[in-house]
Amino acid sequence: MTVECEGEDGSEGKSGLDEVAEALGAPIGEEQIEVLISAIEHFSYCPRQCALIHVEQVFEDNVFTVRGQLAHERVDEGDEGVAQGVRVARGIALWSRRLGLFGKADLVEFRPEGPYPVEYKVGRRHGPHADLQLCAQALCLEEMLGVIVPRGAIFYRGVRRRHEVAFDDELRRQTREAIEGLRAMLEMERLPAAPNDARCPNCSLGDVCLPAVVAERARLRGLQGALFHPYDAQTAFGPDEEDGGGERDA
Ligand code: SF4
């Protein structure tokens, strides 16, 4: 049932419940491509990796991705309820109609000062890429719940420690910028160039991406030329084979 209500400006609008129902089951924007929150970390780490996964739909497991999947399953299976006086919820669906985002929070603690999202990662901290993913979760919670989300944390299983992240103006700006860059990349449906740098050795998509090959333009052009060179049967086998392999000299 749709309940019409009057907005602050006197205009008719939908109730909050209708907005929630729409957000769960309907597209977020008319024209806007929706961005998966977890893709923001991929985009920040390497736009080409993000495009391989979210444009080309390629995903290769390695030891790090398998560990990550197992870690998230363990979080999802954890207990909900109240811990040390704080209500804890796991696997919460998130969305932002304004930013065109959707995804999931591993865990949210509902502290007196506001919701506190916690993202679980394997290994140890490697740069600020996951901070942008966590900040996007905070932006969704703020829009969904109408509250301020000042901080959250990333739990790194490799060192079993939380790294607290403050959602300051600069991180919010970087996160919005990443969301727009990611959306533009999804709209173009093109693979960005491969940086072929220190990020590549541990990337699960190395065998698909071939960064050392595609980064060398001259070598790439040579391989592309060989790959698409028209097949010339006469040159390859001679006239006997071409007409069906007739009699040969003994
Ligand atoms: S191998 Fe390197 S360039 Fe290719 S997707 Fe991975 S990090 Fe990016």
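Further up the page is the structure itself.
Just so we're clear, the structure is a prediction, and the values are computed from it rather than from any experiment.

**Side note on the site of the ligand**
The full set of residues close to the ligand is Cys 46, Gln 49, Ala 194, Pro 195, Arg 199, Cys 200, Cys 203, Gly 206, Cys 209 and Pro 211. The cavity that encloses the ligand is the largest cavity. Looking at the shell around the ligand, its residues break down into seven nonpolar, two polar and one charged.

**Overview of the pattern of salt bridges**
Per the stated rule, a full pass over the model turns up 14 salt bridges. For Glu 113, the salt bridge goes to Arg 151, with nearest N and O atoms at 3.7 Å. In this pair, Glu 113 is assigned in the loop between β6 (101-111) and β7 (114-121) and Arg 151 in strand β8 (residues 151-156), connecting sequence segments 38 residues apart. With a shortest N-O distance of 3.3 Å, Glu 164 and Arg 151 are connected by a salt bridge. Of this pair, Glu 164 sits in strand β9 (residues 161-166) while Arg 151 sits in strand β8, and the two are 13 residues apart along the sequence. The class for Glu 164 is partly exposed, based on a relative accessible area of 43%. Ionic contacts of the salt-bridge type, sharing partners, join the residues Glu 109, Arg 111, Glu 113, Arg 151, Arg 162 and Glu 164 into one network.

**Brief notes about the packing of helix α5 (residues 129-145) against helix α6 (residues 169-188)**
Put simply, α5 and α6 touch, their axes get as near as 9 Å, and they point 95° apart. Relative to α6, α5 is oriented roughly perpendicular. Between α5 and α6, the residues in contact are Asp 131, Leu 132, Cys 135, Ala 136, Leu 139 and Glu 142 and Leu 171, Arg 172, Gln 174, Thr 175, Arg 176 and Ala 178, respectively.

**Details of the pairing of β9**
Bridging between β8 and β9 involves six bridges; their strand directions are antiparallel. Pairing of Gly 152 across the sheet is with Val 165, part of β9. In this structure, the hairpin formed by β8 and β9 is closed by a connection of four residues, where Arg 160 is found at a positive phi of approximately 50°.

Conventions and cut-offs
- Residues numbered from 1 in each chain as written.
- Predicted model: local features only at pLDDT ≥ 70, side-chain atom pairs only at ≥ 80, totals over all residues.
- Heavy atoms only, no water.
- Near = heavy atom within 4 Å.
- 1 Å grid on protein atoms, 1.4 Å probe; cavity = no way out; pocket = protein on both sides within 12 Å on 5 of 7 lines; lining within 4 Å.
- Sits in = over half its atoms within 2 Å of the grid points.
- Nonpolar A, V, L, I, M, F, W, Y, C, P; charged D, E, K, R; others polar.
- Salt bridge = Lys/Arg side-chain N within 4 Å of Asp/Glu carboxyl O.
- Helix = DSSP H or I, 4+ residues; strand = E, 2+ residues; numbered from the N terminus.
- Buried < 20%, exposed > 50% of the residue type's maximum accessible area, 1.4 Å probe, protein only.
- Axes fitted to C-alpha atoms, helices over the stretch in contact; angles between N-to-C directions.
- Parallel < 35°, antiparallel > 145°, perpendicular 65-115°, else oblique.
- Contact = heavy atoms within 4.5 Å.
- Pairing = 2+ DSSP bridges.

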